[in-house]
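# Topology and contacts: notes
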Amino acid sequence: MIVCVAVVGHQNNPLYLQSFTAADDALKLHHIIHCSLDVVDERVNNPKKSGPTLNETFLGMLYPTENYKVYGYLTNTKVKFLMVTTDLEVKDADVRSFFRKFHAAFVDAVSNPFHVPGKKITSKIFAERISGIVKSFGSVTAG
Amino acid sequence: MGREVAESCIDGVIIEMVSAYCNRFYGSKPELAARRIEAIGYQVGHQLIERYTMERPRFSDHLEAIKFICKDFWSELFKKHIDNLKTNHRGTFVLQDNKFRWLTRVSIDPSSENLEASQDSPVLTPEHKVEVTSMHLYFPCGIIRGALSNLGIPCAVSADISNLPACKLHLDFGDNKNFPPRMLPE
Amino acid sequence: MAPLAPKTGDAVFASIDRVNAELFTLTYGAMVRQLLTDLEEVDEVNKQLDQMGYNIGIRLIDEFLAKSNVSRCVDFKETADVIAKVGFKMFLGVAAAVTNWDAEGTSFSLVLEDNPLVDFVELPDTCQGLHYCNILSGVIRGALEMVSMKTEVTWVRDMLHGDDAYELRVKLLKQVPEEYPYKDDE
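Since we're looking at a predicted model, the values are computed, not measured. (Residues numbered from 1 in each chain as written. Chains lettered and ligands numbered in written order. Predicted model: local features only at pLDDT ≥ 70, side-chain atom pairs only at ≥ 80, totals over all residues. Heavy atoms only, no water.)

### Here we look at the overall build of chain A
Within chain A one finds three helices and five strands. In sequence order, the secondary structure elements of chain A are arranged as β-β-α-β-β-β-α-α. Here chain A holds 143 residues, and 46% of them are scored as buried. Long-range contacts, defined as pairs at least 24 residues apart, comprise 55% of the intrachain contacts of chain A with a sequence gap of at least 6. (Helix = DSSP H or I, 4+ residues; strand = E, 2+ residues; numbered from the N terminus. Buried < 20%, exposed > 50% of the residue type's maximum accessible area, 1.4 Å probe, protein only. Contact = heavy atoms within 4.5 Å.)

### Quick notes on the packing of aromatic side chains
Applying the stated criterion across every chain yields a total of 27 aromatic pairs over all chains. Look at Trp102(B) and Phe139(B): their rings are 5.6 Å apart centre to centre, the planes differ by 20 degrees, and that puts the pair in the stacked class. Here Trp102(B), found in helix α4 (residues 101–105), pairs with Phe139(B), found in helix α5 (residues 126–150); they are 37 residues apart in sequence, far enough to count as distant. Both residues of the pair, Trp102(B) and Phe139(B), belong to the buried class. Over the ring of Phe13(C) we find Arg18(C); its NZ or CZ atom is 5.6 Å from the centre of that ring. Between the NZ or CZ atom of Lys77(C) and the centre of the ring of Trp101(C), over which it lies, the distance is 4.7 Å. (Phe/Tyr/Trp six-rings, centres within 6.5 Å; stacked < 30°, edge-to-face > 60°. Lys NZ or Arg CZ within 6 Å of the ring centre and 35° of its normal.)

### Some details on the interface of chain C and chain B
Each side of the interface is counted separately: chain C has 40 residues, and chain B has 36 residues. Carbon and sulfur atoms make up 61% of the area that chain C and chain B hide from each other, which totals about 3,500 Å². A salt bridge links Arg3(B) to Asp119(C); the nearest nitrogen and oxygen atoms lie 2.9 Å apart. On inspection of chain C and its partner chain B, the count reaches 18 residue pairs in polar contact (both at pLDDT 80 or more). No other element matches helix α2 (residues 21–39) of chain C, which puts 14 residues into the side of chain C that touches chain B. In terms of residue class, the side of chain C that touches chain B is made up of 23 nonpolar, eight polar and nine charged. In the sheet, strand β1 (residues 4–6) of chain B pairs with strand β1 (residues 18–20) of chain C via three bridges, with the strands oriented antiparallel. When the sheet's bridge partners are listed, Val5(B) is paired in β1(C) with Val19(C). (Buried area = accessible area lost by both parts, 1.4 Å probe. Salt bridge = Lys/Arg side-chain N within 4 Å of Asp/Glu carboxyl O. Polar contact = N/O pair within 3.5 Å; in protein donor to acceptor, adjacent residues only side chain to side chain. Nonpolar A, V, L, I, M, F, W, Y, C, P; charged D, E, K, R; others polar. Pairing = 2+ DSSP bridges.)

### Some points on the sheet that holds strand β2 (residues 97–99) of chain C
Note: strands within a sheet are paired through backbone hydrogen bonds, in either parallel or antiparallel orientation. Residues and elements named next belong to chain C. One open sheet holds the four strands; their spatial order is β2-β3-β5-β4, and the pairing between them is antiparallel. Because the sheet does not close on itself, it has two edges, and the strands there are β2 and β4 (149–157). Each strand of the sheet is rotated relative to its neighbour by a mean of 30 degrees, with strand direction disregarded. Pairing analysis gives eight bridges linking β4 to strand β5 (residues 166–175), with the strands arranged antiparallel. Paired with Val 153 across the strands is Val 170, a residue of β5. Its contacts with the sheet place helix α4 (residues 76–92) against β2, β3 (107–112), β4 and β5, and it is angled at close to 15 degrees to β3. Seen against the sheet, helix α5 (residues 134–146) touches β3, β4 and β5 and runs at an angle of roughly 160 degrees to β4. (Axes fitted to C-alpha atoms, helices over the stretch in contact; angles between N-to-C directions.)

### A closer look at the pattern of salt bridges
Summed over the entire model, instances satisfying the criterion amount to 24 salt bridges over all chains. The residue Arg96(A) makes a salt bridge to Asp92(A) at a minimum N-O spacing of 2.7 Å. Separated by four residues within a single helix, Arg96(A) and Asp92(A) lie in helix α2 (residues 92–110), roughly one turn from each other. Between Asp50(C) and Arg141(C) there is a salt bridge, with the nearest N and O atoms lying 2.6 Å from each other. Of this pair, Asp50(C) sits in helix α3 (residues 42–68) while Arg141(C) sits in helix α5, and the two are 91 residues apart along the sequence. On the basis of relative accessible area, Asp50(C) is assigned to the buried category, the value being 17%. When its relative accessible area of 23% is taken as the criterion, Arg141(C) is described as partly exposed. Through salt bridges that share partners, Glu7(B), Lys79(B), Arg101(B) and Asp17(C) make up one connected network.

### A closer look at the sheet that holds strand β2 (residues 14–19) of chain A
All names here are of chain A. In spatial order, the strands read β2-β1-β5-β4-β3; together these five strands make up an open sheet with antiparallel pairing. Single-partner strands in this sheet number two, and they are β2 and β3 (58–64). Here the average twist between neighbouring strands, direction ignored, is 15 degrees. Direction of pairing for strand β4 (residues 69–74) relative to strand β5 (residues 80–85): antiparallel, over a ladder of six bridges.

### A short note on the environment of Asn13(A)
Residue and element names in this part refer to chain A. As for its placement among the helices and strands, Asn 13 is situated in the loop between β1 (2–8) and β2. Accessibility expressed as a relative area gives 19% for Asn 13, which makes it buried. C-alpha separation for the pair Asn 13 and Glu 66, spaced 53 residues apart in sequence, amounts to 27 Å. If near-sequence neighbours (up to four positions away) are discounted, Asn 13 is found in contact with Val 7, Val 8 and Gly 118. Within the local environment of Asn 13, its side chain forms a polar contact with the backbone oxygen of Gly 118, the two atoms lying 3.2 Å apart.

### So, the nonpolar core
Most often, soluble globular proteins keep nonpolar side chains buried together rather than apart. Membership of the largest hydrophobic core comes to 119 residues, with the highest contact counts inside it found for Phe73(B), Leu110(C), Leu130(C) and Tyr132(C). With 11 residues, the single largest contributor to this core is α2(C). Ala105(A), Ala109(A), Ile121(A) and Val134(A) belong to the second largest nonpolar core, which has 28 residues in total. (Core = buried A, V, L, I, M, F, W, Y, C linked by side-chain atoms within 4.5 Å.)

### Describing unusual backbone geometry
Here the residue pair Leu164(B) and Pro165(B) is connected by a cis peptide bond, since its omega of 0 degrees sits within 30 degrees of zero. With respect to the element layout, Pro165(B) can be found in the loop between β4 (156–160) and β5 (167–172). The phi torsion at Asn12(A) lies on the positive side, around 55 degrees, for a residue other than glycine. The topology assignment puts Asn12(A) in the loop between β1 and β2. Positive phi values are uncommon outside glycine, yet Lys78(A) reaches one of about 65 degrees. Here Lys78(A) lies in the loop between β4 and β5. A relative accessible area of 31% means that Lys78(A) is categorised as partly exposed.

Below is the structure:
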């Protein structure tokens, strides 16, 4: 189950943060998101010289904690998408698909002429779409 | 293939936008009009690059990003690639489009406020024509500046239209200018 | 030579130059946003959008008549259908519906649900008085004036304000008889 998603700008400014779990976990999740950003920066600045993954937007799993796995994605415009899940067995294809849909929703949200770049995304439509994408995570390939 | 509209829709909006800012809002302050038109372009470029880089990996370096602008991005906007790309290897690039679409399609009428004097208007001085054309170009300059800025490559963009219908865009990465340089001859 | 048969909206749309709708949508949006910043008053922006639309409409009608082969409309009812099925389709790529004719046949509604102008748009609470698509009312008014019909065009429904469709009310005020371009000398 996805417990949290975040969108972070290129100056590590928070653009969107949504938890899908009980409130007392929220602080822990924020901490996880924070740490993830460091991992993203490290991955991007010190990439493993393995060719094909060098410039991919999908960064893969950033790090596992005791209860969670964190996945990351970095756009060309240096915006980071983070996803935190409690699922133990996560299929690569599912996560990639998740981030593709997430990216599409993000692009539409920032295409609103009244959105201010660098400021938080306040779109209700975006929030609804993200909820929908989170709900349908893994359902395609679920056994 | 995504959604499409008639090209005359965008032509019409651009003409009216420039006319409104130059004639109605900042009639005696062309510098202010230019900045507004450029700012509108900047927002468009900022948003378009987000969309047009969605399905592709990140650029390895600035040169790759600029080439993207010259090929894919330019095609999405103008249905063709940039014809020529030059650099002085010291932070300046020059993009040349030999037949800039918006200059050939858009019939630029400086007296568009006065309907009577349209196609058969009295002879425009070359200077006047250049001035009006320059105003229109602040918009695509803004688009390119907005796109590059969102890719993490801030620069100044200016247009050289001394050889119509060719258009040269100068990208200057040296100074981190935020305001469009003057395009009118001094 | 027999007159050319009028084309359907789809046929005309397929035959003209088209662009990616996003360029149009985002340009219009950035312009509206800039107008709000510069003019501050929502009513003033509504007015400017209408004026711009009018200026576009008076030019667009020529392209419309030329490309669609539509001949002189017999009556206002025919005019309405042509605007909705051919006009909207040819420029915006979407057809509108004609509804709610009044008893005299001098006013009708144009209804649109799909509207490229408003893709991605979410109005902030501070702009509730804004008629975001007001350019459309100006275009219709301007175009009809060029074919001798003076109309009043007003908004009835607006999806950006929570309604289920866009509805424009078009009311014929005066049918101006055709005037010769050459006045008798006095």
